[in-house]
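Okay, here's what each chain looks like letter by letter:
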Amino acid sequence: DVMKMHLLREACDADVVLDLHCDNDAVMHMYTHDRLWPHMSDLSALLGAECSIIDADSGSNCFDEACSSPWARIADLHPGLPVPMACQSTTVELRGEYDVNDSMAKQDAIALYCFLLNRGYILPEPAGGELPVLPSPLPALIRDATPLTGVDMIKTPVAGVLSWKVKAGDIVTQGQLLGEVVNIEDPFA
């Protein structure tokens, strides 16, 4: 709790908060407040995020929501005033834990550096320097944001070994077989 309070104190007056994580098994994706979209789409495009998930309140007390949601609540309380989303915060899932390597870390660091360049938070290095240059134009989004309501957890009625039939990041359709659970207690499974 002490660390959480320290981080929130450091972030509470920031213009941008990037909460960087690495999920268990995932493609590059990010979560942000729905009122920050499409403003945060430049970050999604630069990172090459396969998915950007938006919601006003996920109900999970995320750090990025603790930074941006107060501004939405203030705006709701004062509809006649121009209250901006003064803290633009997002949680970025830097793929899965088995995707961590020097090459991807460098790619992600360059994308974050270019995001800060694009927003004017840092100045570009003089021509001929070693640091990356902001791409112009910015990369296109892989896909537009998806509401959190489009995400669902799947529960299995039995314990066992999961055999996936799709990969993380695949586009799926309603009724499509996503995976099968092999019941290890069933000798005929």
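Above this text is the structure in question.
All values derive from a computational prediction rather than experimental measurement.

A few words on unusual backbone geometry. Generally, phi is negative for residues other than glycine and the peptide bonds are trans, each holding for most cases. Along the chain, W37 connects to P38 via a cis peptide bond; the corresponding omega equals 15°. Topologically, P38 is positioned in the loop between strand 2 (29-32) and helix 2 (41-47). At the junction of S136 and P137, the peptide bond is cis and its omega measures out at 0° in the coordinates. Of note in this structure, R95 is not a glycine but carries a positive phi near 65°. Along the chain, R95 turns up in strand 4 (residues 88-96). Overall, R95 belongs to the buried group, its relative accessible area being 9%.

We now examine the side chain of S52. Relative to the elements of secondary structure, S52 occurs in strand 3 (residues 51-54). For S52, a relative accessible area of 1% corresponds to the buried category. Only 2.7 Å separates the side chain of S52 from the side chain of S44, close enough to count as a polar contact. Setting aside its immediate chain neighbours within four residues, S52 contacts M30, W37, S44, A145 and T146.

Glancing now at the nonpolar core. Counting residues in hydrophobic clusters, the biggest one holds 20 residues, and the most contacted among them are M40, L43, L47 and V92. Mapped onto this core, the elements with two or more residues apiece are helix 2, strand 4 and helix 4 (102-119). Ranked by the residues each element gives to this core, the list is headed by helix 4, at four residues. Setting aside residues no more than four positions away along its own chain, V92 makes contact with D19, L20, H21, M28, H29, M30, L43 and L47.

The rules behind these values
- Residues numbered from 1 in each chain as written.
- Predicted model: local features only at pLDDT ≥ 70, side-chain atom pairs only at ≥ 80, totals over all residues.
- Heavy atoms only, no water.
- Helix = DSSP H or I, 4+ residues; strand = E, 2+ residues; numbered from the N terminus.
- Buried < 20%, exposed > 50% of the residue type's maximum accessible area, 1.4 Å probe, protein only.
- Polar contact = N/O pair within 3.5 Å; in protein donor to acceptor, adjacent residues only side chain to side chain.
- Contact = heavy atoms within 4.5 Å.
- Core = buried A, V, L, I, M, F, W, Y, C linked by side-chain atoms within 4.5 Å.

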